[in-house]
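# Reading the structure
Here are the chains, one letter per residue:
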Amino acid sequence: MLTIRYKREVFGYMARLLLLICLICVVVALASNAVSAMVRAAQDSKALAQELSAPHRGMVMERISYTALILLMLGVTSGLLGGL
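In short, a report on the structure. Sequence positions are assigned chain by chain, starting from 1 and proceeding in written order. For a predicted model such as this one, the threshold for reporting local features is a pLDDT of at least 70, and the threshold for listing and counting side-chain atom pairs is 80 or more; totals across whole chains, interfaces and linings nevertheless cover every residue. For the side-chain quantities, the full set of heavy atoms in the structure was used; hydrogens and water were omitted.

## A word on the overall build of the protein
Numbered from the N terminus, helices here are DSSP runs of H or I no shorter than four residues, and strands are runs of E no shorter than two. Helices and strands together make up the secondary structure of the protein, namely two helices and zero strands. Expressed as a percentage of the 84 residues in the protein, the buried residues total 7%. Total accessible area on the protein stands at roughly 7,400 Å², and carbon and sulfur atoms take up 71% of it. We call a residue buried when its accessible area falls under 20% of the maximum for its residue type, exposed when it is over 50%, and partly exposed in between, using a 1.4 Å probe and counting protein chains only. Using a 1.4 Å probe, the Shrake-Rupley method yields the accessible areas, and only the shown protein chains count as cover for residues.

Below, the structure written as structure tokens:
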């Protein structure tokens, strides 16, 4: 028969293991979101750079500035630019 102390130790280790697994899942999800955002930003900036040669530059510059603003806000809110 298991003693109460042994049960607490086993369940304590299992809880820590479960929390570690959850933490790893969160870190992987955040990393994948960051990579996805960077890839999308690179694709958008490439498409916008190709449109710079168009005669209506004002609209393109507006799109670039909004894209940069969104990336800046994402970086600040996620703690990448604002410090942890």
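Following the structure, the description resumes.
## Concerning a nonpolar patch on the surface
Patches draw on residues past 30% relative accessible area with no salt bridge. Two like charges within 9 Å are joined, as are two nonpolar side chains (Val, Leu, Ile, Met, Phe, Trp, Tyr) within 5 Å. Salt bridge, as applied in this entry: a Lys or Arg side-chain nitrogen positioned within 4 Å of an Asp or Glu carboxyl oxygen. Together, Leu 17, Leu 20, Ile 21, Leu 23, Ile 24, Val 27 and Val 28 line one region of the surface with nonpolar side chains, adding up to about 640 Å² of accessible area. Position of Leu 23 among the secondary structure elements: in helix α1 (residues 4–51).

## Topic: the layout of surface pockets
The pocket and cavity definitions rest on a 1 Å grid over protein atoms only: a 1.4 Å probe that fits but cannot leave marks a cavity, an open set with protein on both sides within 12 Å along at least five of seven lines marks a pocket, and residues lining either have an atom within 4 Å of a point. Grid points are joined across faces, edges and corners, and a volume is the space filled by probe spheres set on the points. Roughly 150 Å³ of internal volume is contained in the second largest pocket. Residue lining of the second largest pocket: Ala 37, Arg 40, Ala 41, Asp 44, Arg 63, Tyr 66, Thr 67, Ile 70, Leu 71 and Leu 74, and that is the complete set. Of all the elements in the fold, those that place two or more residues in the lining of the second largest pocket are α1 and α2 (57–78). A total of six residues in the lining of the second largest pocket trace back to one element, the largest contributor, which is α2. Here the residues of the lining of the second largest pocket are counted per class, giving six nonpolar, one polar and three charged. Each residue is assigned to one class: nonpolar for Ala, Val, Leu, Ile, Met, Phe, Trp, Tyr, Cys and Pro, charged for Asp, Glu, Lys and Arg, and polar for all the others, Gly among them.

## Some points on the state of the cysteines
A covalent bond between the sulfur atoms of two cysteines is referred to as a disulfide. Disulfides are defined as cysteine sulfur pairs within 2.5 Å. Inspection of every chain in the model, using the stated rule, returns zero disulfides. Unpaired in this structure, Cys 22 has its nearest cysteine sulfur neighbour in Cys 25, at a distance of 6.3 Å. For Cys 22, a relative accessible area of 41% gives the class partly exposed.

## Regarding the environment of Arg 63
Its place among the elements puts Arg 63 in helix α2. Counting along the chain gives 15 residues from Arg 63 to Leu 48, while the straight-line C-alpha distance between them is 7.7 Å.

Don't take any of this as a statement about function, it's just geometry.
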